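Structural overview
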Amino acid sequence: MTPQFAIHVVSAALMAAFWIVAPLLIIAFALGVAVNLIQIATSLQDPVFSTIPRLAACLAGFLLLLPWMLHRASDYTINLLRDFSQYAR
């Protein structure tokens, strides 16, 4: 395995991980901004008010996006194992 090929494999793994997790990060970021704006407008600085909605939204997003995330992960794994002969060189 050449160094360039190893870099390609690691790069593909990192990109696959990024695209699998990106929707959850977007959900958490958007809800965090919305909750912080509400806290600023109401002067309510309770940490539970910002944590519980974020956790609930991430859990709901995870449950809704789980089939898509598993499909992306399995596609990456299948493509990785399909080219397994290249790794043995």
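Reference entry: report on the structure contained in this document. (Residues numbered from 1 in each chain as written. Predicted model: local features only at pLDDT ≥ 70, side-chain atom pairs only at ≥ 80, totals over all residues. Heavy atoms only, no water.)

Turning to the overall build of the protein, a few remarks are in order. Assigned secondary structure in the protein consists of three helices and zero strands. Starting at the N terminus, the α and β elements of the protein follow one another as α-α-α. Computed over C-alpha atoms, the radius of gyration of the protein comes to 19 Å, more than 25% over the 12 Å expected from 2.2 N^0.38 for 89 residues, which places it beyond the range of a compact globule. The principal-axis extent of the C-alpha atoms belonging to the protein is close to 60 × 25 × 15 Å. Burial status across the protein gives 15% buried among its 89 residues. (Helix = DSSP H or I, 4+ residues; strand = E, 2+ residues; numbered from the N terminus. Rg over C-alpha atoms; globule rule 2.2 N^0.38 Å. Buried < 20%, exposed > 50% of the residue type's maximum accessible area, 1.4 Å probe, protein only.)

Time to look at the packing of aromatic side chains. Tallied over the entire structure, the rule returns one aromatic pair. For the ring pair Phe18 and Trp19, a centre distance of 5.0 Å and an interplane angle of 70° mean the geometry is edge-to-face. For Phe18, a relative accessible area of 42% gives the class partly exposed. (Phe/Tyr/Trp six-rings, centres within 6.5 Å; stacked < 30°, edge-to-face > 60°.)

Leu65 marks the point of greatest bend in helix α2 (residues 47–82), at about 55°, and the proline Pro67 comes within the next four residues. For α2, the full list of buried residues reads Ser50, Gly61 and Met69. On its buried face, α2 sits against α1 (3–42). (Bend = angle between axes of the 7 residues up to and from the residue. Contact = heavy atoms within 4.5 Å.)

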